[in-house]
Amino acid sequence: MRRGARRYGSRAPHRMDSQAYARVRLDSVVGVAIADAYLAAPLRDERARPAYAAFCRETVRQYQFLVGPVEFGGLGVTVRVVDADPYPDVASMVDDVRRRRLKVWSSAATGNPHPYLGDAENDMFRAVHDVFGHAATGRGFDRHGEEAAWLKHSTMYSWLAGRALATETRGQNCARIYRYPSGRFPEQKAVLLPRVFSDPRRVWDAGAERRVAASR
């Protein structure tokens with residue numbers, strides 16, 4: 001999957017090798033600030049529409065690459081949408097992906113509709129994020145693993161689409177982890193986080209993001 005992501009096209013700087021993702025940690029000061037920014041945002045913001053339109057187009061292309069036949073340049077992964085959370089941990093998901101198959105928790109079954117994405121589009125995104133974010137890094141679903149998966153997957157999106165990606169991953173996950181201790185997911189939104197929280201370069205600039213978060 002790492003080779004596939006590179007073959008698809010990556011904006012990652014040369015220094016961001018697989019070892020770099022293994023070391024990723026999410027600072028709690030930053031995580032709380034991101035959670036609060038997400039929860040304070042409206043359900044939808046028309047200014048986010050161009051970013052979400054780009055995000056949808058690019059996600060569909062990634063999904064086609066993921067499921068496309070190997071003989072035609074795809075990765076040949078069979079995706080099945082199921083009605084319950086299919087994996088207890090990332091290891092079981094990676095084991096499935098090695099066999100070129102993936103189960104995705106149905107967006108419709110969660111009862112948390114997205115204000116911009118349709119259920120099918122949301123299912124496609126869940127599939128590509130699980131593969132190109134989590135499986136490609138081997139990182140799990142805790143706050144550090146989600147941070148690494150966001151950073152990895154962001155290399156496959158344009159800068160414009162990446163702003164929507166940050167909301168869909170970093171924003172939602174921080175709200176869930178820091179403000180919803182029961183583990184339930186927050187309401188899905190079509191908004192843009194402040195640039196300081198949606199730009200992956202800030203994470204690699206040691207301390208810069210934390211200084212901004214602490215000052216908010």
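Even after reading the chapter, I still don't get the overall build of the chain, so can you show me in this structure?
Of the regular secondary structure elements, the chain holds 12 helices and 2 strands. Reading the chain from its N terminus to its C terminus gives the helix and strand order α-α-α-α-β-α-β-α-α-α-α-α-α-α. Over its C-alpha atoms the chain spans a radius of gyration of 16 Å, differing by no more than 12% from the 17 Å that the globule rule assigns to 216 residues. With respect to the three principal axes, the spread of C-alpha positions in the chain is 50 × 40 × 35 Å. For the chain, the proportion of its 216 residues judged to be buried stands at 50%. Here the analysis covers contacts within the chain between residues at least 6 apart in sequence; of these, 71% occur between residues at least 24 apart. Only carbon and sulfur atoms are counted for the fraction: they give 51% of the accessible area of the chain, which is about 10,500 Å².

So what exactly am I meant to see when it comes to the nonpolar core here?
Side chains of nonpolar character tend, in soluble globular proteins, to be buried together. Core analysis: the largest hydrophobic core is formed by 53 residues, its most contacted members being Phe 55, Leu 66, Leu 102, Phe 132 and Phe 197. Mapped onto this core, the elements with two or more residues apiece are α3 (28-40), α4 (49-67), α5 (90-98), β2 (101-105), α7 (119-137), α8 (143-154), α9 (159-179) and α10 (195-198). The greatest single-element share of this core, amounting to 8 residues, is contributed by α4. Ignoring anything within four residues of it in the chain, the contact list for Leu 66 reads Leu 75, Gly 76, Val 77, Val 79, Ala 127, Val 128, Val 131 and Phe 132.

Help me understand the pattern of salt bridges, please; the structure alone is not making it clear to me.
Close approach of charged atoms lets side chains of opposite charge pair. Per the counting criterion, the structure on display carries 8 salt bridges. Ionic pairing is found between Arg 101 and Asp 96, a salt bridge with its closest N-O pair at 2.6 Å. Taking the shortest distance from any N to any O, the salt bridge between Arg 201 and Asp 199 comes out at 2.8 Å. Taking relative accessible area as the criterion, Arg 201 reaches 54% and is therefore assigned exposed. Within this structure, Asp 96, Arg 101 and Lys 103 form a network of salt bridges that share partners.

Please clarify how the side chain of Glu 58 should be interpreted in this entry.
Here Glu 58 shows up in helix α4. Within the structure, Glu 58 has its side chain in polar contact with the side chain of Ser 158 (distance 2.7 Å).

What should I look at first to understand α8 in this one?
Because an α-helix packs 3.6 residues into every turn, residues spaced three or four apart end up facing the same way. In this model, α8 (12 residues) spans 16 Å end to end at C-alpha, consistent with the 16 Å of a helix rising 1.5 Å per residue. Most of α8 sits out of view: 11 of its 12 residues are buried. By the burial criterion, the buried members of α8 are His 144, Gly 145, Glu 146, Glu 147, Ala 148, Ala 149, Trp 150, Leu 151, Lys 152, His 153 and Ser 154. Buried residues along α8 sit in contact with α2 (18-22), α4, α7, α9, α10 and α11 (200-204).

Quick question: what am I supposed to make of the packing of α5 against α7 here?
Packed helix pairs are specified by the crossing angle of their axes together with the interaxial distance, meaning the distance between the axes. Viewed as axis vectors pointing N to C, α5 and α7 meet at an angle of 115°, and their least axial separation amounts to 10 Å. For the pair α5 and α7, the crossing hand works out as left-handed. Between α5 and α7, the contacting residues are Val 90, Met 93, Val 94 and Val 97 on the first element and Asp 130, Val 131, His 134 and Ala 135 on the second. Here the residues of the contact of α5 with α7 are counted per class, giving 6 nonpolar, 1 polar and 1 charged.

Even after reading the chapter, I still don't get the packing of aromatic side chains, so can you show me in this structure?
Any pair of aromatic rings gets described here by the distance separating the centres and the angle formed by the planes. This model, assessed by the stated rule, comprises 5 aromatic pairs. Members of the aromatic cluster, joined through ring pairs, are Tyr 52, Phe 55, Tyr 116, Phe 125 and Tyr 157. Above the face of the Tyr 38 ring, Lys 189 is positioned so that its terminal group lies 5.2 Å from the ring centre. Here the guanidinium or amino end of Arg 201 rests over the ring plane of Trp 159, the centre of that ring lying 4.8 Å away.

Whenever I open this one, α5 confuses me. Can you help?
Residues of α5 that are buried include every one of Val 90, Met 93, Val 94, Asp 96 and Val 97, and no others. Mapping the buried residues of α5 onto a view down its axis gives an arc of 160°, with all of them on the same face. Turned more than 90 degrees from where α5 packs its buried face, Ala 91 and Arg 98 sit exposed. On its buried side, α5 packs onto β2 and α7. For α5, the side-chain oxygen to backbone nitrogen distance between the N-cap and Ala 91 is 3.3 Å, and the N-cap itself is Asp 89. One or two steps after α5, the chain reaches Arg 100, where phi turns positive at roughly 60°.

Procedures and definitions
Residues numbered from 1 in each chain as written. Predicted model: local features only at pLDDT ≥ 70, side-chain atom pairs only at ≥ 80, totals over all residues. Heavy atoms only, no water. Helix = DSSP H or I, 4+ residues; strand = E, 2+ residues; numbered from the N terminus. Rg over C-alpha atoms; globule rule 2.2 N^0.38 Å. Buried < 20%, exposed > 50% of the residue type's maximum accessible area, 1.4 Å probe, protein only. Contact = heavy atoms within 4.5 Å. Areas by Shrake-Rupley, 256 points an atom, 1.4 Å probe, with all protein chains shown as cover. Core = buried A, V, L, I, M, F, W, Y, C linked by side-chain atoms within 4.5 Å. Salt bridge = Lys/Arg side-chain N within 4 Å of Asp/Glu carboxyl O. Polar contact = N/O pair within 3.5 Å; in protein donor to acceptor, adjacent residues only side chain to side chain. Expected span 1.5 Å × (residues − 1). Axes fitted to C-alpha atoms, helices over the stretch in contact; angles between N-to-C directions. Left-handed = near helix turned anticlockwise from the far one by under 90°. Nonpolar A, V, L, I, M, F, W, Y, C, P; charged D, E, K, R; others polar. Phe/Tyr/Trp six-rings, centres within 6.5 Å; stacked < 30°, edge-to-face > 60°. Lys NZ or Arg CZ within 6 Å of the ring centre and 35° of its normal. Arc of directions from axis to C-beta.

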